[in-house]
Amino acid sequence: MNRTTLSLLAGTAALAAVTGFATLSSPQATTTAGTAAELPVERTSLLCPEPSTSEVAETSYTSFTPVTKNTGDDGKAELKAAAEESDGQDQSQSKNKGKGKSKGKKKAAKPVLTPKEPGTPVTGDTSGGDAPALVGTAEGKFAPGWTVQETTEVAAGAGRGLQGVNCSAPDTEFWFPGASTAADRTDYVHLTNPDDSAAVVDIELYGKDGALDSSLGEGITVAPHSSDPILLSTLTEEKQEDLTVHVNVRSGRVGAAVQALDDKLGGDWLAASTDPSGSLVLPGIPKDATAVRLVAYTPSDSDADLKVRLASPSGLITPAGNETLHVKGGMTTAVDLGDVTRGEAGSLVLTPTDDSVPVVAALRVVRGKGANQETAFIPATRPVGTRATVADNSAKGSTLSLTAPTRTATVKVTASAGSEGGEAVSKTFTIKAGTTQNVEAPTPTGLKGTFALTVEHVSGGPVYGARTLAATEDGVPGFTIQTLPDDRGMVAVPEADEDLSVLQK
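Residues numbered from 1 in each chain as written. Predicted model: local features only at pLDDT ≥ 70, side-chain atom pairs only at ≥ 80, totals over all residues. Heavy atoms only, no water.

Considerations on the overall build of the protein chain
For the protein chain, the count of helices and strands is 0 helices and 41 strands. Within the protein chain, buried positions represent 54% of all 505 residues. Pairs at least 24 residues apart make up 80% of the contacts formed inside the protein chain by residues separated by at least 6 positions. Put simply, the protein chain shows about 21100 Å² of open surface, and 46% of that area lies on carbon and sulfur atoms. (Helix = DSSP H or I, 4+ residues; strand = E, 2+ residues; numbered from the N terminus. Buried < 20%, exposed > 50% of the residue type's maximum accessible area, 1.4 Å probe, protein only. Contact = heavy atoms within 4.5 Å. Areas by Shrake-Rupley, 256 points an atom, 1.4 Å probe, with all protein chains shown as cover.)

Observations regarding the sheet that holds strand β20 (residues 255-262)
Strand pairs in the sheet, formed through backbone hydrogen bonds, run parallel or antiparallel to each other. If you trace the 4 strands from one edge of the open sheet to the other, you get β18-β14-β20-β21, paired in antiparallel fashion. Looking at the sheet topology across the chains shown, the edges are occupied by β18 (226-231) and β21 (266-270). Ignoring strand direction, the axes of neighbouring strands in this sheet form an average angle of 20 degrees. As paired elements, β20 and β21 share 5 bridges and run antiparallel to each other. Its bridge partner lying in β21, valine 258 is registered against leucine 270. (Pairing = 2+ DSSP bridges. Axes fitted to C-alpha atoms, helices over the stretch in contact; angles between N-to-C directions.)

A look at the packing of aromatic side chains
In this structure the tally under the stated criterion is 3 aromatic pairs. Consider the rings of phenylalanine 174 and phenylalanine 176, whose centres lie 6.3 Å apart with planes at 15 degrees: the pair is stacked. Pair check on accessibility: phenylalanine 174 and phenylalanine 176 agree, each one buried. When the centroid spacing of 4.8 Å and the interplanar angle of 35 degrees are considered together, the rings of tyrosine 206 and tyrosine 297 count as tilted. (Phe/Tyr/Trp six-rings, centres within 6.5 Å; stacked < 30°, edge-to-face > 60°.)

Observations concerning the nonpolar core
In this structure, Leu282, Ile285, Leu294, Leu325, Leu348, Leu350 and Leu363 are the most contacted members of the largest nonpolar core, which totals 29 residues. Here this core takes 4 residues from strand β24 (residues 304-312), the largest share from any one element. Setting aside residues no more than four positions away along its own chain, leucine 348 makes contact with Leu280, Val281, Leu282, Ile285, Leu294, Val308, Arg309, Leu310, Leu337 and Leu363. Ranked by size, the runner-up nonpolar core spans 26 residues in total, among them Leu205, Ile220, Val245 and Val249. (Core = buried A, V, L, I, M, F, W, Y, C linked by side-chain atoms within 4.5 Å.)

As for a negative patch on the surface
There is a patch of like negative charges on the surface, built from Glu58, Asp125, Glu153, Glu473 and Asp474. Mapping glutamate 473 onto the fold places it in strand β39 (residues 464-473). (Patch = residues over 30% accessible without salt bridge, like charges linked within 9 Å, V, L, I, M, F, W, Y side chains within 5 Å. Salt bridge = Lys/Arg side-chain N within 4 Å of Asp/Glu carboxyl O. Lys, Arg positive; Asp, Glu negative; His and termini not counted. Charge placed at Lys NZ, Arg CZ, Asp CG, Glu CD.)

Quick word on the confidence of the model for the protein chain
Of all residues in the protein chain, 85% attain a pLDDT of 70 or more, and the chain-wide mean is 87. Counting contacts from residues 498-505, a segment whose pLDDT is below 50, to residues more than four positions away or on other chains yields 20 contacts. (pLDDT = per-residue confidence, 0-100.)

A look at the environment of lysine 412
With respect to the helices and strands, the residue lysine 412 is situated in strand β33 (residues 409-415). Residue lysine 412 is classed as partly exposed on the basis of its relative accessible area, which comes to 32%. Here the alpha-carbon distance between lysine 412 and threonine 454, two residues 42 residues apart in the chain, equals 8.1 Å. Not counting the four nearest positions on each side in its chain, lysine 412 is found in contact with Ser426, Lys427, Thr428, Thr454, Val455, Glu456 and Val458.

So, the state of the cysteines
By the definition in use, this model includes 1 disulfide. Paired through a disulfide, cysteine 48 and cysteine 167 show a sulfur-sulfur distance of 2.0 Å. Negative torsions about the S-S bond denote left-handed disulfides, and the value of about 110 degrees found for cysteine 48 with cysteine 167 makes this one right-handed. Here cysteine 48 is found in strand β4 (residues 43-48), whereas its partner cysteine 167 is found in the loop between β12 (161-166) and β13 (173-179), with 119 residues between them in sequence. (Disulfide = S-S within 2.5 Å.)

Put into structure tokens, the structure is as follows:
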């Protein structure tokens, strides 16, 4: 007689994750039946937008993966150019690229970063306005927590100053409060498609009175393995200082980021806000910020009433004159908070005054005065969670800001080995409840080159973080800010409760 055995198995699985796409295996992790194993992701992807069209732009890329247990010995991480154009012809099917001309065939991406080992950053540089968008994949031991930082210095022109962005994972929905179509702003939504099939995207704009009439934002096709910068002013005739951009992917998936260029105030990348939520944290406002503008939007039909508080080094305080913020349903609201930090480190904490209504938010931060002003953005972000990493730090010019809005927390901060030499160093910090601290982050012993900072949650309440890079050039205080959300390098995989065997005689 034949014997047939049927088993219900859990363990190896393909998981869709915010890190892009992640698969995992369980070579060493074991748990009891009915519990979940924490396993490292085995594959992930990141997309870097086209850095600049300025011929005086200087761009650096830094790739880094923190050391993670139970990953095995194999793997690789690689960044390649998105094949936006070929044979001298623009192959993009987007009808709203907004560049005004085809550049012809782009040069091969330099650098294509290929790190040798987790724990050590690898860097590369490029210059001019022809650097393409990059598409990257990390596998095996390089996948968990993989991060790539794109940093650009622009010496002159619109957006001059320091621009930085963490290359992001492809997804199907993004919210960008803080964009603009004002006369002195030139804002692009960069869409990058890493896949073999075309993606179809809708871009919706919401201003102070609600949705803007923008049929040109519907059904934008992003060709396979390509990147399209969409100029916002080509999608609407309305000039509004504060907009919320909603990128909704009908089919496929893309990476998305907004490049905001100002004629007078420099510019930077505006990363996506965390998913709409009733409570938000916007960490890491520089202590010398001269102007801070809060932009918020709710996709709900109901209005949102938010309590506005600043987590300072001494505790939570309420900004005078801005105790609350009323956000009308479907409309973008903005308020100037001035020099809200008053010379101290700070993070903004938004909580509902009554019923919780989902909101997205971001801060536009200005440093400097007069003609020597520069801009950066801080979107609402997820907490550090288990672990978060930010690359491209130097011994001078890097500030790590951590806040614990609800309960005291302890974190471990590790400075990696340097990209050109040095040994990793770790320090532990306790962040008191309701405070923000600009911590004295460690520097690698014998540092040469740049290094990464990894923040690990040890105990206590949730921690939110941000890193500021600063570089003053010709009196202009150039700076850029990147938040530190959880890297989602580990995934919980449930074990099957039992094996079911059916025996047939």
